[in-house]
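# Observations on the three-dimensional arrangement
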Amino acid sequence: MERKMIIQTKLFGEIEVDESKIITFEQGLIGLEHLNRFLLIYDSVKEEKSSITWLQSLEEPAFALPVMNPLAIMSEYDPVVEDELLKSIGSLEPENLILMTALTVPSDLTKMTANLKAPIIIHSESKKGCQLIVENEEYVVRQPIYEILKSLEEGAGE
C-alpha cells in the first residue's frame, strides 16, 4: 500500500508525495551534508519530459536543486569513479543507476552551467543516492550549457 505525505516546498508549494519515491543521501550532497532526504520533481506543466528536473529537499523547503542527465550535455560523458564509493547505494548494474548533474542557474541564463566534476548518482531500486567527485581531469565544475539547452529545446519543438 502506498503511503502518502504532504510536503511544503518554496518553488512548488504544497505537494503530495508517495513515500516510496523518497531518495536518501546518507552522506548528503557536497557542501550540504545535513540534507539527506530528497524527491525528484519533474515539470508536469510541459507535455514532454523536460530536460531539467528538480532535486527537492524534504528537510529544507526552500532548497530545490536543478539537475539533468549529463549525457544530454555531453553524449560521451563517462565519469571515472571507484566502484567502492558506489557500493553504499546498492548493486552497480548500469540499468539501476540514474546519473545526474547539478546545474547553476544565475539570473543571466546565458551563464548557466553544469557541474560535470561531481555527478549525482541515484540507485533506482534502493532509492539511495550519493554525489561524488570524478577522477576525469577533462570535466569541470562549471561547464557552460546555455547553447546546448537552447539547441535541445529547438530540436524538441520541431
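Preceding this section is the structure that the text describes.
Presented here is a report on the structure given in the accompanying data block. Just so it is clear, the structure is predicted and the values come from calculations on it, not from any experiment.

Quick notes on the rules
Residues numbered from 1 in each chain as written. Predicted model: local features only at pLDDT ≥ 70, side-chain atom pairs only at ≥ 80, totals over all residues. Heavy atoms only, no water. Helix = DSSP H or I, 4+ residues; strand = E, 2+ residues; numbered from the N terminus. Buried < 20%, exposed > 50% of the residue type's maximum accessible area, 1.4 Å probe, protein only. Core = buried A, V, L, I, M, F, W, Y, C linked by side-chain atoms within 4.5 Å. Contact = heavy atoms within 4.5 Å. Polar contact = N/O pair within 3.5 Å; in protein donor to acceptor, adjacent residues only side chain to side chain. Phe/Tyr/Trp six-rings, centres within 6.5 Å; stacked < 30°, edge-to-face > 60°.

## Description of the environment of Leu99
- Within the secondary structure, Leu99 sits in strand 7 (residues 97-104).
- A relative accessible area of 23% means that Leu99 is categorised as partly exposed.
- Separated by 30 residues in sequence, Leu99 and Asn69 place their C-alpha atoms 6.1 Å apart.

## Points about the nonpolar core
- In terms of nonpolar packing, the biggest core is built from 14 residues, with Phe25, Leu29, Leu55, Leu65 and Ile120 touching the most fellow members.
- Elements with a minimum of two residues in this core: strand 4 (37-41), strand 6 (64-68), strand 7 and strand 9 (120-123).
- What Leu55 contacts, discounting residues up to four positions off in sequence, is Phe25, Leu29, Phe38, Leu39, Leu40, Phe63, Ala64, Leu65, Val67 and Ile120.
- Leu116, Ile121, Leu132 and Tyr139 belong to the second-largest nonpolar core, a separate cluster that totals 11 residues.

## Some thoughts on the side chain of Ser57
- Residue position: Ser57 is located in strand 5 (residues 53-57).
- Residue class for Ser57 comes out buried when judged on its relative accessible area of 1%.
- Only 3.1 Å separates the side chain of Ser57 from the backbone nitrogen of Glu59, close enough to count as a polar contact.
- Within polar-contact distance, the side chain of Ser57 engages the backbone nitrogen of Glu60 at 2.9 Å.
- Setting aside residues up to four positions removed in sequence, Ser57 forms contacts with Leu35, Arg37, Phe38 and Phe63.

## A word on the packing of aromatic side chains
- Enumeration over the complete set of coordinates arrives at four aromatic pairs.
- Summarising the aromatic geometry, the rings of Phe38 and Phe63 are spaced 6.4 Å apart at their centres and angled 75° between planes, so their arrangement reads as edge-to-face. Of this pair, Phe38 sits in strand 4 while Phe63 sits in the loop between strand 5 and strand 6; the two residues are 25 residues apart in sequence, bridging distant segments of the chain. Residue Phe38 shares its accessibility class with Phe63, and that shared class is buried.
- Centre to centre, the rings of Tyr77 and Tyr139 are 4.6 Å apart; their planes meet at 45°, and the pair counts as tilted. One end of the pair, Tyr77, is in the loop between helix 1 (70-73) and helix 2 (83-86); the other, Tyr139, is in the loop between strand 10 (128-131) and strand 11 (143-144), and 62 residues separate them in sequence. Like Tyr139, Tyr77 is buried.
- Aromatic ring contacts, followed pair by pair, group Phe25, Phe38 and Phe63 into a single cluster.

## Quick look at the side chain of Asn136
- Within the secondary structure, Asn136 is located in the loop between strand 10 and strand 11.
- Within the structure, the side chain of Asn136 is placed 3.1 Å from the backbone oxygen of Asp78, a separation counted as a polar contact.
- Only 3.4 Å separates the side chain of Asn136 from the side chain of Glu138, close enough to count as a polar contact.
- The residues contacting Asn136, other than those within four sequence positions of it, are Asp78, Pro79, Val80 and Lys117.

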